[in-house]
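Report on the structure
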Amino acid sequence: MITLTHFLVVSACIFCIGLYTVLSKKNAIMILVGIELMINAAILNFVAFGKYDKVSYGGQIFALFAIVLAAAAVAVGLALVLNVYRHYKTINPDEINELKDK
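Rules used throughout
- Residues numbered from 1 in each chain as written.
- Predicted model: local features only at pLDDT ≥ 70, side-chain atom pairs only at ≥ 80, totals over all residues.
- Heavy atoms only, no water.
- UniProt positions renumbered as here; feature names shortened; annotations may be inferred.
- Helix = DSSP H or I, 4+ residues; strand = E, 2+ residues; numbered from the N terminus.

As recorded in an unreviewed UniProt entry, the chain goes by NADH-quinone oxidoreductase subunit K and comes from Sphingobacterium detergens. Quoted verbatim from the Sequence similarities (unreviewed entry) field of UniProt, the annotation for the chain is "Belongs to the complex I subunit 4L family." What UniProt states about the chain under its Catalytic activity (unreviewed entry) heading is, verbatim, "a quinone + NADH + 5 H(+)(in) = a quinol + NAD(+) + 4 H(+)(out)".

What follows is the structure, encoded as structure tokens:
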């Protein structure tokens, strides 16, 4: 039987992988992937704890809102990355040091 501890360990592993990805990668798209992994770890926690809320299913409702919010954040983030690439011809965050027009 899978217990709450199993879910929390998997969620912690996913969160750590996402945090490592955000801190170590130099590519803006990989940073967005790392942020998505961290959001998915939080969603897994919501669903795992929601299993014990038999009356109102609060965890699943929070997870649904988090999924919608994550999808919107990815759409906005990808639009920003595409606009930065169009202007600077790179998606390396270290090479983008000014936000004004050239």
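1. Quick notes on the UniProt feature "transmembrane region" (unreviewed entry) in the chain
UniProt annotation of "transmembrane region" (unreviewed entry) refers to residues 6–23, 30–49 and 61–85 when read in the numbering used here. Along residues 30–49 the backbone is 100% helical and 0% strand, and the end-to-end C-alpha distance reaches 29 Å. Helix makes up 100% of residues 61–85 and strand 0%, and the two end C-alpha atoms of the span are 36 Å apart.

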